[in-house]
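The residues making up each chain are set out below.
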Amino acid sequence: MTAPAPAVEAVGLHKSFGTVRAVDGIDLALAPGRIYGLLGPNGSGKTTFIRMVAGLARPSAGTARVLGTLMPNRDVLGQIGYMPQAEALYPELSVAENVAFFARLEGHSDREPVDRVLDLVGLADRRTTPAMHLSGGMRRRLSLACTLVHEAAVLLLYEPTVGVDP
C-alpha cells in the first residue's frame, strides 16, 4: 500500500530578510488527516514558514508544496483555510454575517455550513451579536469559524487558542 502524498511538504526551505535568516533549511512532509503544531520562541521563523506554505511569501531557496502543488499558487488557495494572527473580521457585521461573508467567498450561499461552524465553535447563541461586542476569546472563535466554514483540505491556524477559554 502506498502512503498518501503529504498535505504539506517543505524541502530545503529558506527565507532571509537581508542578513537575517528567518527560516534556515526546513525539510518536512506532513501527512493528511493529522494535526501538527509549530513550537518555538518568538523570532524563530514559525510565522514566516506558515506564510510561505500559505503562498503569502516566496522562499529565498527551497520549495513549499500544499497538496502536491508548488506554492505560491492561486489554484490551490481555495483548498487552504488560513487563520491569521490578526483578526480579519468586520466589527459592524453580526457573528453569522461574518461567517456567511467568508462562506460566500468560497461559493457557499446556504445557511447550513454557517450554522454548523457556529455550533462547533460555541457561538450559535451569539449569531446576531455584532462582532465588535464580543470578548477577545469570542472574536478568536469567530475567526476560527470563518476559517472552517468552507471545509478546506488544509488548515493553517495561527495561534488559534490564544485568549480562548479551555
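Residues numbered from 1 in each chain as written. Predicted model: local features only at pLDDT ≥ 70, side-chain atom pairs only at ≥ 80, totals over all residues. Heavy atoms only, no water.

## Comments concerning the pattern of salt bridges
The criterion, for reference: Definition used for salt bridges: Asp or Glu carboxyl oxygen within 4 Å of a side-chain nitrogen of Lys or Arg. Each helix corresponds to a stretch of at least 4 residues labelled H or I by DSSP, and each strand to a stretch of at least 2 residues labelled E; elements are numbered beginning at the N terminus. Any residue under 20% of the maximum accessible area for its type is buried, any over 50% is exposed, and the rest in between are partly exposed; the area is computed with a 1.4 Å probe on protein chains only.
What the rule picks out here adds up to six salt bridges. For the salt bridge of R116 with E112, the shortest nitrogen-to-oxygen distance reads 3.8 Å. Linking R116 with E112, this pair stays in helix α3 (residues 112-120), spanning four residues, or about one helical turn. Judged by relative accessible area, R116 falls into the partly exposed class, the value being 28%.

## Topic: unusual backbone geometry
Between M71 and P72 the backbone carries a cis peptide bond, its omega angle lying at 0°. Topologically, P72 is positioned in the loop between β4 (69-70) and β5 (80-83). Positive phi, close to 55°, is recorded for L67, a residue that is not glycine. If you check the backbone angles, E151 has positive phi at about 50° while not being a glycine. Mapped onto the elements of the fold, E151 is located in the loop between α4 (136-148) and β6 (154-157). Residue classification places E151 among the exposed positions, given a relative accessible area of 56%.

## Side note on the sheet that holds strand β3 (residues 61-66)
Going by this rule: For two strands to be treated as a pair, DSSP must find no fewer than two bridges joining them. Working rule for contacts: check all heavy atoms of both residues, and any pair within 4.5 Å makes them a contact. Only the contacting stretch of a helix is used when fitting its axis, a line to C-alpha atoms as for every element, and angles between N-to-C directions run 0 to 180 degrees.
As summarised here, the arrangement of the four strands in space is β2-β1-β3-β4, forming an open sheet in which the pairing is antiparallel. At either margin of the open sheet sits one strand with a lone partner, and together these are β2 (20-30) and β4. Two strands pair when backbone bridges link them, and strand β1 (residues 8-17) and β3 are joined in this way by five bridges, in the antiparallel orientation. Bridging across to β3, V11 finds its partner in T63. The sheet strands contacting helix α1 (residues 46-53) are β1, β2 and β3, and the helix crosses β1 at an angle near 120°.

## Regarding the packing of helix α2 (residues 95-105) against α3
Test applied: The scheme is simple: roughly parallel for angles under 35 degrees, roughly antiparallel for over 145, roughly perpendicular for 65 to 115, oblique for anything else. Definitions for this section: a left-handed crossing has its near helix turned counterclockwise from the far helix by less than a right angle. A right-handed crossing has that turn clockwise. Three categories are distinguished: nonpolar for Ala, Val, Leu, Ile, Met, Phe, Trp, Tyr, Cys and Pro, charged for Asp, Glu, Lys and Arg, and polar for the others, with Gly belonging to the last.
Running from amino to carboxyl end, α2 crosses α3 at an angle of 125°, the nearest separation of the two axes being 9 Å. It follows from the interaxial angle that α2 and α3 lie oblique. Handedness of the crossing formed by α2 with α3: right-handed. On α3, the residues touching V95, A96, V99, A100 and A103 of α2 are V114, V117 and L118. Of the residues belonging to the contact of α2 with α3, the class tally is eight nonpolar, no polar and no charged.

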